[in-house]
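The chain contents come next:
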Amino acid sequence: MEFDWGGFVGSIVGVLGAYLIAIWQVHKQREAEKPSKHRKTYELSLKISEYLNSAWTYFATDSYQYSELFKNVVQFNYQLREYLPEAIETDKRLVALITETIRGLSDISKEYSAKPRNHDYYMEYEDKLTFYTEVMRGKCREIIDEITQQNKQDF
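Residues numbered from 1 in each chain as written. Predicted model: local features only at pLDDT ≥ 70, side-chain atom pairs only at ≥ 80, totals over all residues. Heavy atoms only, no water.

Engineer: I tried to follow the overall build of the protein chain on my own but got confused; where do I start?
Structural biologist: From N to C terminus, the protein chain includes 6 helices and 0 strands. Along the first, second and third principal axes, the C-alpha set of the protein chain runs to 100 × 35 × 20 Å. A total of 155 residues make up the protein chain; the buried ones form 30% of that total. Put simply, 74% of the contacts in the protein chain that link residues at least 6 apart link residues at least 24 apart. Total accessible area on the protein chain is roughly 10,400 Å²; 56% of this is exposed by carbon and sulfur atoms. Of note, the protein chain has its 20 positive side-chain charges centred 2 Å away from the centre of its 24 negative side-chain charges. (Helix = DSSP H or I, 4+ residues; strand = E, 2+ residues; numbered from the N terminus. Buried < 20%, exposed > 50% of the residue type's maximum accessible area, 1.4 Å probe, protein only. Contact = heavy atoms within 4.5 Å. Areas by Shrake-Rupley, 256 points an atom, 1.4 Å probe, with all protein chains shown as cover. Lys, Arg positive; Asp, Glu negative; His and termini not counted. Charge placed at Lys NZ, Arg CZ, Asp CG, Glu CD.)

Below is the structure:
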């Protein structure tokens, strides 16, 4: 009984060929999904950027009461947290941006909760909150610009 080298080599070549074709198809499929993922990231970045831009409506109060401003910061963080599930599905940079924003606003509130409650500290607190949201909005804008540059189009 002789060993059939032709059949053996032919089967190995066939298996390797099928494996390489499967890898190539998966690669092409991922490549085709990139614009869709970029579009979702772009749209969510715009939503978050617009929401961060509206921060001044939350933080600018007429009553100059700390309790109202603390409540507004908590409400702002809660509504920002609603974008988190969608961000998890799209891009980890957006997840980091959302969690970093929430953490930063909470830290600012914690810092000013220990300070004396007077008008000067209140205005400083309000300015710091607004400035921080503007910085985060700038980071959101960087993500939008990067996606636009990568795809050479504005969604």
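Engineer: Sorry if this is basic, but what is going on with helix α3 (residues 66–81) here?
Structural biologist: An α-helical segment advances 3.6 residues per turn. Residues three or four places apart therefore align on the same side. Here α3 is 16 residues long and its end C-alpha atoms lie 22 Å apart, about the 22 Å a rise of 1.5 Å per residue gives. Taken together, the buried positions of α3 are Tyr-66, Leu-69, Phe-70, Asn-72, Val-73, Phe-76, Asn-77 and Leu-80. Down the axis of α3, the sector holding all buried residues measures 160°, keeping them to one side. Relative to its buried face, α3 has exposed residues pointing more than 90 degrees away, namely Lys-71, Val-74 and Tyr-78. Elements in contact with the buried residues of α3: α1 (5–53), α2 (55–59), α4 (84–90), α5 (92–113) and α6 (119–151). (Expected span 1.5 Å × (residues − 1). Arc of directions from axis to C-beta.)

Engineer: What is the right way to read the pattern of salt bridges from this model?
Structural biologist: When charged atoms on two side chains of opposite charge get close, those side chains can pair. Applying the stated rule across the entire model yields 9 salt bridges. A salt bridge links Arg-93 to Glu-146, with the shortest nitrogen-to-oxygen separation between them at 2.8 Å. Linking Arg-93 in helix α5 with Glu-146 in helix α6, this pair joins segments that are 53 residues apart in sequence. Residue classification places Glu-146 among the partly exposed positions, given a relative accessible area of 32%. Of the charged contacts in the structure, one is a salt bridge between Lys-115 and Glu-124, with a shortest N-O distance of 3.7 Å. You can call Glu-124 partly exposed: its relative accessible area is 38%. (Salt bridge = Lys/Arg side-chain N within 4 Å of Asp/Glu carboxyl O.)

Engineer: Just to check I follow, could you spell out the nonpolar core for this structure?
Structural biologist: Nonpolar side chains tend to gather and get buried jointly when the protein is soluble and globular. Core analysis: the largest hydrophobic core is formed by 33 residues, its most contacted members being Ile-48, Phe-59, Phe-76, Ile-98, Tyr-125 and Leu-129. For this core, the elements supplying multiple residues, two or more each, are α1, α2, α3, α4, α5 and α6. When residues in this core are grouped by element, the largest group, 9 residues, is from α6. Setting aside its immediate chain neighbours within four residues, Leu-129 contacts Phe-59, Leu-69, Val-73, Leu-105 and Ile-108. (Core = buried A, V, L, I, M, F, W, Y, C linked by side-chain atoms within 4.5 Å.)

Engineer: Looking at this model, I keep getting lost on the packing of α1 against α5. Mind explaining?
Structural biologist: A packed helix pair is summarised by two numbers, namely the angle formed by the two axes and the spacing between the axes. In the contact formed by α1 and α5, the axes pass within 11 Å of each other and the chain directions differ by 15°. Compared by their axis directions, α1 and α5 come out roughly parallel. For the crossing formed where α1 meets α5, the hand is left-handed. Where α1 abuts α5, its residues Thr-41, Leu-44, Ser-45, Ile-48 and Leu-52 lie against Arg-93, Leu-94, Leu-97, Ile-98 and Thr-101. Taken together, the residues of the contact of α1 with α5 break down into 6 nonpolar, 3 polar and 1 charged. (Axes fitted to C-alpha atoms, helices over the stretch in contact; angles between N-to-C directions. Parallel < 35°, antiparallel > 145°, perpendicular 65-115°, else oblique. Left-handed = near helix turned anticlockwise from the far one by under 90°. Nonpolar A, V, L, I, M, F, W, Y, C, P; charged D, E, K, R; others polar.)

Engineer: What is the right way to read a nonpolar patch on the surface from this model?
Structural biologist: A cluster of nonpolar side chains, contributed by Phe-3, Trp-5, Phe-8, Val-9, Ile-12, Val-13 and Leu-16, occupies part of the molecular surface with about 710 Å² of accessible area. Checked against the element boundaries, Trp-5 lands in helix α1. By relative accessible area, which is 55% here, Trp-5 ends up exposed. (Patch = residues over 30% accessible without salt bridge, like charges linked within 9 Å, V, L, I, M, F, W, Y side chains within 5 Å.)

Engineer: Before we go on, may I ask you to explain the packing of α3 against α6 in this structure?
Structural biologist: As a packed pair, α3 and α6 sit with axes 11 Å apart at the nearest point and diverge in direction by 15°. One finds that α3 runs roughly parallel with respect to α6. As α3 runs across α6, the sense of the crossing is left-handed. Each of Tyr-66, Leu-69, Phe-70, Val-73 and Phe-76 in α3 lies in contact with α6, whose residues at this interface are Tyr-121, Tyr-122, Tyr-125, Glu-126, Leu-129 and Thr-133. Each residue belonging to the contact of α3 with α6 can be placed in one class, and the counts come to 9 nonpolar, 1 polar and 1 charged.

Worth remembering: the numbers are spatial, not functional.
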